[in-house]
Amino acid sequence: MKVVYMSMTGQTKKFVKKLEMDSLEITMSNAFQEIYEPYVVVAPTYEIEATSILNDFIETGNNQAYLKGIAGGGNRNFNTLFCFTAKDLAEQYQVPILHMFEFQGSNYDVEYFKEKVRELGES
Ligand SMILES: Cc1cc2nc3c(=O)[nH]c(=O)nc-3n(C[C@H](O)[C@H](O)[C@H](O)COP(=O)(O)O)c2cc1C
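Because the structure is predicted, anything quoted here is derived from the model rather than measured. Residue positions are given per chain, counting from 1 as you read along its sequence in written order. pLDDT decides what is reported in this predicted model: residues at 70 or higher carry local features, side-chain atom pairs at 80 or more are listed and counted, and totals for whole chains, interfaces and linings draw on all residues regardless. With hydrogens and water stripped out, all remaining heavy atoms of the structure feed into the side-chain values.

**Comments concerning unusual backbone geometry**
Using the following cut-off: Put simply, DSSP marks the helices as runs of H or I at least four residues long and the strands as runs of E at least two long, and each gets a number from the N terminus on.
One non-glycine residue, Glu20, adopts positive backbone phi at about 55 degrees. Inspection of the secondary structure puts Glu20 in the loop between helix 1 (11–19) and strand 2 (23–25). With a phi angle near 55 degrees, Asn79 is a residue other than glycine that sits in the positive phi range. Looking at the secondary structure, you find Asn79 in the loop between strand 4 (67–74) and helix 4 (84–93).

**Focus: helix 4**
Let me state the cut-off plainly: Between buried and exposed lies partly exposed: a residue is buried under 20% and exposed over 50% of the maximum accessible area for its type, with that area taken using a 1.4 Å probe on protein chains only. The reported arc concerns the directions from the helix axis to the C-beta atoms and nothing else. Here, two residues are considered to be in contact whenever any of their heavy atoms come within 4.5 Å of each other.
For helix 4, the set of buried residues is Thr85, Ala86, Leu89, Ala90 and Tyr93. Viewed end-on, helix 4 has its buried residues packed into an arc of 130 degrees, placing them on one side of the element. Packing partners of the buried residues in helix 4 comprise strand 3 (39–44), helix 2 (48–58), helix 3 (63–66), strand 4 and strand 5 (97–102). Of the residues one or two after helix 4, Gln94 is the one with positive phi, at around 55 degrees.

**As for the packing of aromatic side chains**
The description of an aromatic ring pair rests on the distance of the ring centres and on the angle between the ring planes. How we decide: Pairing of aromatic rings covers Phe, Tyr and the six-membered ring of Trp, with a centre-to-centre limit of 6.5 Å; geometry is then stacked below 30 degrees between planes, edge-to-face above 60, and tilted otherwise.
According to the stated counting rule, one finds four aromatic pairs in the structure shown. Judged by centre distance (5.5 Å) and plane angle (75 degrees), the rings of Tyr39 and Phe57 are edge-to-face. You can see Tyr39 sitting in strand 3 and its partner Phe57 sitting in helix 2, a full 18 residues away along the chain. The class of Tyr39 is buried, set by a relative accessible area of 0%. Judged by centre distance (5.7 Å) and plane angle (35 degrees), the ring pair of Tyr108 and Tyr112 falls under tilted. Here Tyr108 pairs with Tyr112, and both are found in helix 5 (residues 107–122), just four residues apart, close to one helical turn. Taking the relative accessible area as the measure of exposure, Tyr108 reaches 55% and is therefore exposed.

**With respect to the layout of surface pockets**
Here is the rule we go by: Cavity and pocket criteria rest on a 1 Å grid covering protein atoms alone: a 1.4 Å probe that fits but cannot get out defines a cavity, protein on both sides within 12 Å along at least 5 of 7 lines defines an open pocket, and an atom within 4 Å of a point defines a lining residue. Grid points are joined across faces, edges and corners, and a volume is the space filled by probe spheres set on the points. Note on residue classes: Ala, Val, Leu, Ile, Met, Phe, Trp, Tyr, Cys and Pro are nonpolar, Asp, Glu, Lys and Arg are charged, and everything else, Gly too, is polar.
The volume enclosed by the largest pocket comes to roughly 360 Å³. Together, 19 residues line the largest pocket, and Thr45, Tyr46, Gly74, Asn75 and Phe78 are the ones closest to its centre. Sorting the residues of the lining of the largest pocket by element identifies helix 1 and strand 4 as the ones contributing at least two each. Along the lines of polarity and charge, the residues of the lining of the largest pocket split into nine nonpolar, nine polar and one charged.

**Concerning the environment of His99**
Note the threshold: Polar contacts, as used here, are pairs of N or O atoms within 3.5 Å; protein pairs need one atom able to donate a hydrogen and one able to accept it. Residues neighboring in sequence count only if both atoms are side-chain atoms.
By the element assignment, His99 lies in strand 5. Considering only alpha carbons, one finds His99 and Val110, eleven residues apart in sequence, at a separation of 9.6 Å. Here His99 is in contact with Ile70, Ala71, Gly72, Asp109 and Tyr112, once residues within four sequence places are set aside. Separated by 2.7 Å, the side chains of His99 and Asp109 make a polar contact.

**Some remarks on the packing of helix 1 against helix 5**
Stated formally: Helix axes use the C-alpha atoms of the stretch in contact, all axes being lines fitted to C-alpha atoms, and the angles between their N-to-C directions lie in the range 0 to 180 degrees. By definition, any crossing whose near helix is turned counterclockwise from its far helix by less than a right angle is left-handed, and any crossing with a clockwise turn is right-handed.
It is at 10 Å that the axes of helix 1 and helix 5 come closest, and there the two elements cross at 65 degrees. You can see that helix 1 and helix 5 cross each other, and the crossing is right-handed. Each of Phe15, Lys18 and Leu19 in helix 1 lies in contact with helix 5, whose residues at this interface are Asp109, Val110, Phe113 and Lys114. Per-class residue counts for the contact of helix 1 with helix 5 are four nonpolar, no polar and three charged.

Purely geometric numbers; function is a separate question.
Structural data, given as structure tokens:
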């Protein structure tokens, strides 16, 4: 399972590094790249203007068919807006939310996420 993510200030990137999984960072320059293997998206939480490159990626070619789940990074100080980007993506593309964590995530977050991804592989 590949981990596809974006990161504006480096927190999500740090989380993904700790996973030690095959990963792909989405930027403006590769948002329309096609993928041909199952993946999960890890999304930081920002206004849609900032995160729409994830939508671009998911909607490119047949990419949506390989999307298996979404995880979100955010900041609980935003209260009801905590991880709304991940929630919106999961709703929009009808895939499960695997986990929501703050900033670069704790060791617990890393292990929990990896377990959720393993479960996806078995289902
Ligand atoms: C301008 C701005 C808006 C944000 N809005 C939210 C928000 O609505 N909800 C949330 O959970 N986190 C919000 N965050 C927190 C980030 O999503 C969080 O720090 C995340 O870990 C950043 O990931 P990144 O460093 O990979 O970009 C916001 C951060 C900034 C700077």
